[in-house]
Amino acid sequence: MKKITIIDGQGGRMGKTLIEQLKKEFPEQELLAIGTNSIATSAMIRAGADYGATGENPVIVASRDSDIIIGPIGIVIADSLFGEVTPKMAKAVGRSHATQLLMPVNRCNHHVVGCEEISMNEIIRRVIEQVRELIK
């Protein structure tokens, strides 16, 4: 079984929806939710994450041994998510040997040029497809 870590911030709405969909598709798969704040962590735990933690050190530790890390593209950009992603967090995720499924969220002055404008539901659907391929 792969170690899947979902990282989200702000209110955790994206992580919450992602965890709900992952649990629906892969009910036996354990999911670790890491929030950049306690509100995000709580939302992801309520959505069905098996484990949850909050803050910089859990991101650093999980980045060492996760097989798949999923989150908004800001998790690899220092000071993104309105400052919730510290430079140490971005560095840990960026250096991780995990497959990183980064979701293109054009906010906080970070714009992924060339990405088509699609709904969050479509982005999550595509992430689920990628996870399906990775855990086969």
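Please refer to the structure higher up on the page.
Only a predicted model underlies this, so the values are computations on that prediction, with no experimental measurement involved.

J.: Please clarify how the side chain of Thr 36 should be interpreted in this entry.
T.: With respect to the helices, strands and loops of the structure, Thr 36 is situated in the loop between strand E2 (31-35) and helix H2 (38-46). For Thr 36, a relative accessible area of 13% corresponds to the buried category.

J.: Is there a simple way to think about the nonpolar core in this case?
T.: Across soluble globular proteins, you tend to see nonpolar side chains buried next to one another. Ranked by internal contacts, the top residues of the largest apolar core, which has 22 residues, are Ile 6, Leu 18, Leu 22 and Ile 70. Taken together, the elements giving at least two residues each to this core come down to strand E1 (4-8), helix H1 (13-25), E2, strand E4 (68-72), strand E5 (99-103) and helix H6 (120-134). A per-element tally of this core places H6 first, with five residues. With residues near it in sequence (within four places) discarded, Leu 22 still touches Ile 6, Pro 27, Leu 31, Ile 70, Ile 128 and Val 131. Among the nonpolar cores identified, the runner-up in size contains 13 residues, and Ile 7, Ile 34, Ala 62 and Ile 69 belong to it.

J.: Sorry, what's going on with the pairing of E1 here?
T.: For a regular strand, the rule is simple: side chains alternate between the two faces of the sheet. Counting buried positions over the five residues of E1 gives five, a clear majority of the element. Alternating positions in E1 separate into two faces, Ile 4, Ile 6 and Asp 8 on one and Thr 5 and Ile 7 on the other, with burial throughout. Relative to E2, E1 runs parallel, the two being bridged by five bridges. Looking across to E2, one finds that Asp 8 is bridged to Gly 35. Where the polypeptide runs from E1 across H1 and back to E2, its parallel neighbour, the crossover connection is right-handed. Across three bridges, E1 lies against E4 in parallel orientation. Among the inter-strand pairings, Ile 4 is bridged to a residue of E4, identified as Ile 68.

J.: Please clarify how the sheet that holds E1 should be interpreted in this entry.
T.: Strands in a sheet are paired, the pairing made by backbone hydrogen bonds, and the direction either parallel or antiparallel. Taken in spatial order, the five strands line up as E3-E2-E1-E4-E5 in an open sheet, and their pairing is parallel. Looking along the sheet, the strands with just one partner apiece sit at the ends: strand E3 (51-54) and E5. Within the sheet, the average angular offset between the axes of one strand and its neighbour, ignoring direction, is 20 degrees. In this sheet, E3 lies alongside E2 in parallel orientation, the contact comprising four bridges. Note that in E3 the partner of Gly 35 across the bridge is Thr 54. Running at roughly 155 degrees to E1, H1 makes contact with E1, E2, E4 and E5 of the sheet.

Conventions adopted
Residues numbered from 1 in each chain as written. Predicted model: local features only at pLDDT ≥ 70, side-chain atom pairs only at ≥ 80, totals over all residues. Heavy atoms only, no water. Helix = DSSP H or I, 4+ residues; strand = E, 2+ residues; numbered from the N terminus. Buried < 20%, exposed > 50% of the residue type's maximum accessible area, 1.4 Å probe, protein only. Core = buried A, V, L, I, M, F, W, Y, C linked by side-chain atoms within 4.5 Å. Contact = heavy atoms within 4.5 Å. Pairing = 2+ DSSP bridges. Right-handed = clockwise from strand over helix to strand, strands pointing away. Axes fitted to C-alpha atoms, helices over the stretch in contact; angles between N-to-C directions.

Geometry only, nothing functional implied.
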